[in-house]
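A closer look at the structure
As a plain string of letters, each chain reads:
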Amino acid sequence: MFLELASATDDRVAEQQACLKLKSVFEAVFYPTYRTRLIRGGDEPLYLPAASADEDHQIIYARGFLNSALHEIAHWCVAGPERRLLEDYGYWYCPDGRSLTQQRAFEQVEIRPQAFEQCLTLALGRPFRISADNLSGDPGDTRAFELAVHQQTRRLLEEQEPMPLRLGQLLQALCAAWRRPISSWRAAAILHLKQREQALLAAVTEPV
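Residues numbered from 1 in each chain as written. Predicted model: local features only at pLDDT ≥ 70, side-chain atom pairs only at ≥ 80, totals over all residues. Heavy atoms only, no water.

**Looking at the packing of aromatic side chains**
Each aromatic ring pair is characterised by the separation of its centres together with the angle its planes make. Put simply, the rule is: Whether two aromatic rings pair depends on their centres lying within 6.5 Å, for rings of Phe, Tyr and Trp, where Trp uses its six-membered ring; planes under 30 degrees apart make the pair stacked, over 60 edge-to-face, and the rest tilted. For helices the rule is a DSSP run of H or I covering at least 4 residues; for strands it is a run of E covering at least 2, with both sets numbered from the N terminus onward. Buried residues are those whose accessible area, probed at 1.4 Å on protein chains only, stays under 20% of the maximum for their type, while exposed residues exceed 50% and partly exposed ones sit between those limits. Charge over a ring is defined by NZ of Lys or CZ of Arg lying within 6 Å of the ring centre and within 35 degrees of the ring normal.
For the structure shown, the criterion picks out six aromatic pairs. For the pair Tyr-34 and Trp-76, a centre-to-centre distance of 5.3 Å together with 85° between the ring planes defines the contact as edge-to-face. A residue pair is termed long-range when its members are at least 10 positions apart, and Tyr-34 in helix α1 (residues 2-34) and Trp-76 in helix α2 (residues 66-78) qualify at 42 residues. Look at Tyr-34 and you get partly exposed, because its relative accessible area is 22%. Given a relative accessible area of 0%, Trp-76 falls into the buried group. A network of ring pairs unites the aromatic residues Phe-26, Phe-30, Tyr-34 and Trp-76 as a single cluster. Above the ring of Tyr-31, the side-chain terminus of Arg-37 is found at 4.0 Å from the ring centroid. Here the basic side chain of Arg-166 rests over the ring of Tyr-34, its NZ or CZ set 5.8 Å away from the ring centre.

So this is what it looks like as structure tokens:
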């Protein structure tokens, strides 16, 4: 029991340290130009634009979780300049407990940010899992969603699509800070994505 508690404590400390490191890297890259800070919050993440010229924009992530921070940063990387002036980028959020129709609509707008998140997660050498974000509802079959996220991630890593400026800047900075040059992991990541895509494609197209 003591060893389990010690291990859990070590994991929390490591998570907190990683969040602080991410915050430092993010703000070193973006604060001078975008006046945006990464803030640890409570149960719910939120993006808050500055209320005045003297204040900062805030990306608030949930409860000190690194995955939450990466997810919220990914949304910020997707959002254009007009969206970044609106709370939560001006998007209406359908809360947890969505119907299957609402869930499929949610997934369509989450493909790009979750692909961005997967790129950032790979830079840190951490495992990535898609987020259906519908714990109190029935998300249904999310394999097509996962397939779309992986395909988008691979297109970015293979440079089939131009890497968006802010995502590319942060990806390079994280690779440097975590001492994981993209050349050391990109080929293996692309191979893994292709293998996962093949498995998902077979699953979502198999006869019922």
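**Regarding α2**
Along an α-helix, residues three or four apart share an orientation, since each turn contains 3.6 residues. The condition that has to hold: To estimate the expected span of a helix, count its residues, drop one, and scale the result by 1.5 Å.
For α2, spanning 13 residues, the distance from its first C-alpha to its last is 19 Å, which sits close to the expected 18 Å at 1.5 Å a residue. Most of α2 sits inside the fold, with 11 of its 13 residues counted as buried.

**Thoughts on helix α4 (residues 143-157)**
Heads up, the condition is: Throughout, a contact is declared for two residues whenever any of their heavy atoms are within 4.5 Å.
Taking 1.5 Å as the rise per residue, α4 with 15 residues should run 21 Å; its terminal C-alpha atoms sit 21 Å apart, in good agreement. For α4, the tally of buried residues reaches 11 of 15 residues, placing the bulk of the element in the interior. All buried positions along α4 are accounted for by Phe-145, Glu-146, Leu-147, Ala-148, Val-149, His-150, Gln-152, Thr-153, Arg-154, Leu-156 and Leu-157. Residues of α4 that are buried in the fold lie against α3 (100-124), α5 (165-177) and α6 (182-205). Immediately downstream of α4, the backbone of Glu-159 shows phi near 65°, a positive value.

**Description of the nonpolar core**
Put simply, the rule is: To qualify as a nonpolar core, a set must consist of buried Ala, Val, Leu, Ile, Met, Phe, Trp, Tyr and Cys residues joined through side-chain atoms within 4.5 Å.
By size, the foremost hydrophobic cluster in this structure holds 38 residues, and its most contacted members are Leu-22 and Leu-174. When residues of this core are traced back to their parent elements, those giving at least two are α1, β3 (57-61), α2, α3, α4, α5 and α6. Top element by residues in this core is α2. It accounts for seven residues. Once you skip the residues sitting within four places of it in the chain, Leu-22 turns out to touch Leu-38, Leu-66, Ala-69, Leu-70, Ile-73, Leu-174 and Trp-178. Ile-111, Ala-115, Phe-128 and Ala-148 belong to the second-largest nonpolar core, a separate cluster that totals six residues.

**Looking at the packing of α2 against α5**
For the record, the criterion: Axes, fitted as lines to C-alpha atoms, cover a helix only where it is in contact. Angles between the N-to-C directions of the axes lie from 0 to 180 degrees. Working definition: roughly parallel below 35 degrees, roughly antiparallel above 145 degrees, roughly perpendicular at 65 to 115 degrees, and oblique for all remaining angles. When residue character is reported, Ala, Val, Leu, Ile, Met, Phe, Trp, Tyr, Cys and Pro are called nonpolar, Asp, Glu, Lys and Arg charged, and the others, Gly included, polar.
Packing of α2 against α5 leaves a shortest axis separation of 8 Å and a crossing angle of 140°. Comparing the axis directions of α2 and α5 gives the class oblique. Residues Ile-73, Trp-76, Cys-77 and Val-78 of α2 touch α5, and the partners they reach there are Arg-166, Leu-167 and Leu-170. A breakdown of the residues in the contact of α2 with α5 according to their chemical character gives six nonpolar, no polar and one charged.

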